[in-house]
Amino acid sequence: MRTKKILAWMMAIAITSITLTACSHDKEVENSSKTSLRACGLSPSGTHSSSILFTDDDIEWFDVNTREIKFKDMSAPLYERIRPFNEIEFYLGENSLFVVSSFVGLWDSRIFEDLVLCYGNQESTDIDGKYYLFDCYPLQYLDTEAVIANQKKNALQWDIFISYLRSKGKLKK
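Note that the coordinates shown come from a computational prediction; the quantities given were computed from them, not determined experimentally. (Residues numbered from 1 in each chain as written. Predicted model: local features only at pLDDT ≥ 70, side-chain atom pairs only at ≥ 80, totals over all residues. Heavy atoms only, no water.)

Trainee: Even after reading the chapter, I still don't get the overall build of the protein, so can you show me in this structure?
Mentor: Along its length, the protein carries three helices and nine strands. Counting from the amino terminus, the protein carries its helices and strands in the arrangement α-β-β-β-β-α-β-β-β-β-β-α. For the protein, the proportion of its 173 residues judged to be buried stands at 38%. Taking all contacts inside the protein whose residues are at least 6 apart in sequence as the whole, residues at least 24 apart take part in 47%. When the accessible surface of the protein is summed, it comes to about 10,800 Å², and 56% of that surface belongs to carbon and sulfur atoms. (Helix = DSSP H or I, 4+ residues; strand = E, 2+ residues; numbered from the N terminus. Buried < 20%, exposed > 50% of the residue type's maximum accessible area, 1.4 Å probe, protein only. Contact = heavy atoms within 4.5 Å. Areas by Shrake-Rupley, 256 points an atom, 1.4 Å probe, with all protein chains shown as cover.)

Written as structure tokens, this is what we have:
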């Protein structure tokens, strides 16, 4: 009888231990999603698409000087997953960080006075297969009042974005 009680207590302790470990893991996953970076596409009407375009796990590094954002190999290239001409909203956890006004390529003839995700390097006019986060498109409008005002408006969020990537070891050295 005593052996059965000891065995029952040992089983109860083991089950409790497994349950607590599982709950702890669930909370870690939940907490990490609350602090992770992700980008979602916005439709022309401003509603979110159902899919996440990329997360910080997809980012290999970000170069603060050139603003190149290097993505890890994905199942499909990013430019194929982004609907052209839609906005992209960056989130850090549950909070909106900033909205990129468009995904553009060097072939685009439109003007954007706010953040863009550009496919190709505007500074060298080279479609190099790389992605850049620029303050405007084309860069010749960088010194206009509207672009400067948007840079000021986005300064805090931009600092948070860079600090987050630094904390994850994702800034190019």
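So that's the structure; there's more coming.
Trainee: Help me understand the pattern of salt bridges, please; the structure alone is not making it clear to me.
Mentor: Side chains that carry opposite charge are capable of pairing whenever their charged atoms lie near each other. Considering all chains together, one arrives at three salt bridges under this definition. The salt bridge partner of Asp135 is Arg67, with a shortest N-O separation of 3.0 Å. A residue pair is termed long-range when its members are at least 10 positions apart, and Asp135 in the loop between β9 (126-134) and α3 (145-167) and Arg67 in the loop between β3 (59-62) and β4 (68-71) qualify at 68 residues. Among the residues examined, Asp135 registers a relative accessible area of 15% and is labelled buried. Given a relative accessible area of 16%, Arg67 falls into the buried group. Between Asp114 and Lys153 there is a salt bridge, with its nearest N and O atoms 3.2 Å apart. Placement of the pair is Asp114 in the loop between β7 (102-105) and β8 (116-121) and Lys153 in helix α3, with a sequence separation of 39 residues. Residue Lys153 is classed as partly exposed on the basis of its relative accessible area of 47%. (Salt bridge = Lys/Arg side-chain N within 4 Å of Asp/Glu carboxyl O.)

Trainee: Quick question: what am I supposed to make of the packing of aromatic side chains here?
Mentor: Aromatic ring pairs are defined here through the distance separating the ring centres and the angle between the ring planes. Counted under the stated rule, the structure contains 15 aromatic pairs. With centroids separated by 5.9 Å and ring planes inclined at 40°, the aromatic side chains of Phe98 and Trp158 adopt a geometry described as tilted. A residue pair is termed long-range when its members are at least 10 positions apart, and Phe98 in strand β6 (residues 95-100) and Trp158 in helix α3 qualify at 60 residues. What makes Phe98 buried here is its relative accessible area of 4%. By relative accessible area, which is 11% here, Trp158 ends up buried. Clustering of aromatic rings is evident, with ring pairs tying together Phe54, Phe62, Phe71, Tyr79, Phe90, Phe98, Phe103, Trp107, Tyr119, Tyr131, Trp158 and Phe161. Note that Lys172 overlies the ring of Trp61, its terminal NZ or CZ placed 4.4 Å from the centroid. (Phe/Tyr/Trp six-rings, centres within 6.5 Å; stacked < 30°, edge-to-face > 60°. Lys NZ or Arg CZ within 6 Å of the ring centre and 35° of its normal.)

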